[in-house]
Amino acid sequence: MYLCAKINLPIPSIMSQKMRTLTEPFKIKMVEPLRITSEAYRQAALEKAGYNPFLLRSNDVFIDLLTDSGTGAMSDRQWAGIMMGDESYAGARSWEHLEAVVQNLTGMQYVLPTHQGRAAERILYSILGGKGKVFISNTHFDTTRANIEYVGSEAIDIVCKEACDVESYADFKGNIDLEKLESLVTQYGKDSIAAVIMTVTNNSSGGQPVSMQNMKAVRKICDQHGLLMVIDGCRIAENSYFVNQREEGFAHKSYQEIAREMLNLGDAFIMSAKKDGMVNIGGLLTLKDESLSVKCKNLLIISEGFTTYGGLSGRDMEALAIGLDEVFDKDYLHYRIRSTAYLGEKLKEKGIPVVWPIGGHAVYIDAKKLYANVPVDEYPGQALVIDLYLKGGIRCVEVGSVMFGKYNDQGKLVPAVNELVRMAIPRRVYTQSHIDYVLDIFDDILELKNRKKGFKITYEPPFLRHFTAHFQPVN
Ligand SMILES: *Cc1c(COP(=O)(O)O)cnc(C)c1O
């Protein structure tokens, strides 16, 4: 336990810290060197990678904001835990440690370890789903949707209305639309609905939080109709910070208390430990119902591993048990959420259009607005991603028509709703000066904002094209 956790002081509000420089609540005792390259070098690297940042070597990247998944830094306590990991096949100490931490956090008795979040999804949704079944969510994450559709079920997203306007402020843009939920329950009927899945924070809608009130209302609807409620909660600690700061009645509660209260509302909890688990690999499936847990455990043993390690080594489980404690540290969470907001708020001050308010794990830029002269079929988001790498060695990802675009019968692009660029922030990896450097690079980007040409695709695979497509600048 950190010393500060023993002193019972209220959590400082954002306002009381507003005027101070946001500092990292850790110091560095091991370093991983970064290579500074020239613009000419990066131009050559881009050509070699077909202008697709997924095909760049990480050695050629200076600031890597591609994802916050599994890219965080572990603490000295976690590394010490790695050394203490118990690698016994069955009933390992590290498993007992992890199980106790997760039971305490979720209030759920049955805990299944998996190698990633999507393995937990595959196990649960292949048991609950099947042809004719429907899953309803605030927003299904990509792997969630893929696992549901793979077993022949349908995944329906019903995020709240406030989320549709990317630039207007609302406290809880991750919420589910309760009216639509009620009407879908009436439309499909209890027997067709496999589960209601609450994604917390709502990753695909920009890392926006879900309120306790919304979660309680979903619980009530599920109780009324006998429906199963799953919490896809890999960013539950980040969500708890927002509830503490923004929702009435939670200012005096600790982040862990808020998380416990929210998770207790669910029947099942799925977690990619690569996010708020603060580890580089791992996942969890946690359940209240014994008979469902038996079915899941059978599938776990066939496909992941024995019930006391899933797909993980003992040291992985030890580091995860420690990470799930550290992530609720009040200084860490304040720094985490405020440092992401710092990047977004400063970008907005510079005149860069960002999705508002800033979510927990990433900043999203509206590339269609920033590069207003680049036609949508020349992918303004891709142009911005490329410019950020070329000017600053910064890697991020297009979330627009490269990722979600489709073609109509005439082979013409049917664009995505938005042309965004996501800058995801790895946990405890970059310092304030790295982020200030990113902000400086946007001065160069602003000079390019009248750019008229974008990119064309020269190669694309039939599925998930953004990972491996090749591009060429339009000239
Ligand atoms: C990352 C993520 C997953 C999938 O987890 P993996 O560990 O990448 O398999 C599922 N749901 C959400 C909300 C996620 O962010």
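Note that this is a predicted model, so its numbers are computed, not measured.

Caption draft 1: Molecular detail of the nonpolar core. Residues Leu 98, Leu 181 and Met 215 are the most contacted members of the largest nonpolar core, which totals 63 residues. Three or more residues apiece are contributed to this core by two domains, here domain 1 (2–61 + 330–473) and domain 2 (76–326). When neighbours within four sequence positions are excluded, Leu 98 is seen to be in contact with Leu 284, Met 317, Leu 320, Ala 321 and Leu 324. Counting 49 residues, the second largest nonpolar core, distinct from the first, contains Val 363, Leu 388, Ile 445 and Ile 457.

Caption draft 2: How the structure looks around the sheet that holds strand 5 (residues 193–199). Read across the sheet, seven strands follow the order 2-8-7-6-5-3-4 without closing on themselves; strand pairing throughout is mixed. The strands lining the two open edges of the sheet, one partner per strand, are strand 2 (110–114) and strand 4 (154–157). The mean inter-strand angle of the sheet, taken between neighbouring strand axes irrespective of direction, is 20 degrees. In this sheet, strand 8 (residues 283–287) lies alongside strand 7 (residues 268–272) in antiparallel orientation, the contact comprising five bridges. Directly across from Phe 269, in strand 8, lies its bridge partner Thr 286. Here helix 7 (residues 178–188) sits on the sheet and contacts strand 3 (134–137), strand 4 and strand 5; the angle it forms with strand 5, its principal contact strand, is near 165 degrees.

Caption draft 3: A look at the site of the ligand. Around the ligand, a shell composed of 14 residues is seen, among which Arg 118, Asn 203, Asp 232, Ser 272 and Lys 275 lie nearest. In this structure, an oxygen atom belonging to the ligand sits 2.9 Å away from a side-chain N or O atom of Asn 203. In this structure, an oxygen atom belonging to the ligand sits 2.8 Å away from a side-chain N or O atom of Lys 275. For the ligand, whose unbound accessible area comes to 380 Å², protein coverage reaches 98%.

Caption draft 4: Main features of the pattern of salt bridges. Considering all chains together, one arrives at 32 salt bridges under this definition. Between Arg 77 and Asp 325 there is a salt bridge whose closest N-O contact spans 3.5 Å. Note that Arg 77 is positioned in helix 3 (residues 76–84) and Asp 325 in helix 12 (residues 314–326), a separation of 248 residues in sequence. Residue Arg 77 is classed as partly exposed on the basis of its relative accessible area of 28%. Residue Asp 191 is joined to Lys 190 by a salt bridge in which the shortest nitrogen-to-oxygen separation is 3.9 Å. For Lys 190, a relative accessible area of 46% translates into the label partly exposed.

Caption draft 5: Examining the domain arrangement of the protein chain more closely. Domain boundaries assigned for the protein chain yield domain 1 (2–61 + 330–473) and domain 2 (76–326). Each of domain 1 and domain 2 has a C-alpha centre, and the two are 26 Å apart. On the domain 2 side, the residues contacting the 28 residues of domain 1 number 29 residues. When domain 1 packs against domain 2, close to 2,400 Å² is buried across both sides, 56% of that on carbon and sulfur atoms.

Caption draft 6: A look at the pairing of strand 7. Among the five residues that make up strand 7, five are buried, leaving the element largely enclosed by the rest of the structure. Burial along strand 7 is two-sided: the face carrying Ala 268, Ile 270 and Ser 272 and the face carrying Phe 269 and Met 271 are both buried. By the bridge criterion, three bridges tie strand 6 (residues 229–232) to strand 7 in an arrangement that is parallel. Considered in strand 7, the bridge of Asp 232 is made with Ile 270.

Cut-off values and rules
- Residues numbered from 1 in each chain as written.
- Predicted model: local features only at pLDDT ≥ 70, side-chain atom pairs only at ≥ 80, totals over all residues.
- Heavy atoms only, no water.
- Core = buried A, V, L, I, M, F, W, Y, C linked by side-chain atoms within 4.5 Å.
- Buried < 20%, exposed > 50% of the residue type's maximum accessible area, 1.4 Å probe, protein only.
- Domains from an automatic or database assignment.
- Contact = heavy atoms within 4.5 Å.
- Pairing = 2+ DSSP bridges.
- Helix = DSSP H or I, 4+ residues; strand = E, 2+ residues; numbered from the N terminus.
- Axes fitted to C-alpha atoms, helices over the stretch in contact; angles between N-to-C directions.
- Near = heavy atom within 4 Å.
- Polar contact = N/O pair within 3.5 Å; in protein donor to acceptor, adjacent residues only side chain to side chain.
- Areas by Shrake-Rupley, 256 points an atom, 1.4 Å probe, with all protein chains shown as cover.
- Salt bridge = Lys/Arg side-chain N within 4 Å of Asp/Glu carboxyl O.
- Buried area = accessible area lost by both parts, 1.4 Å probe.

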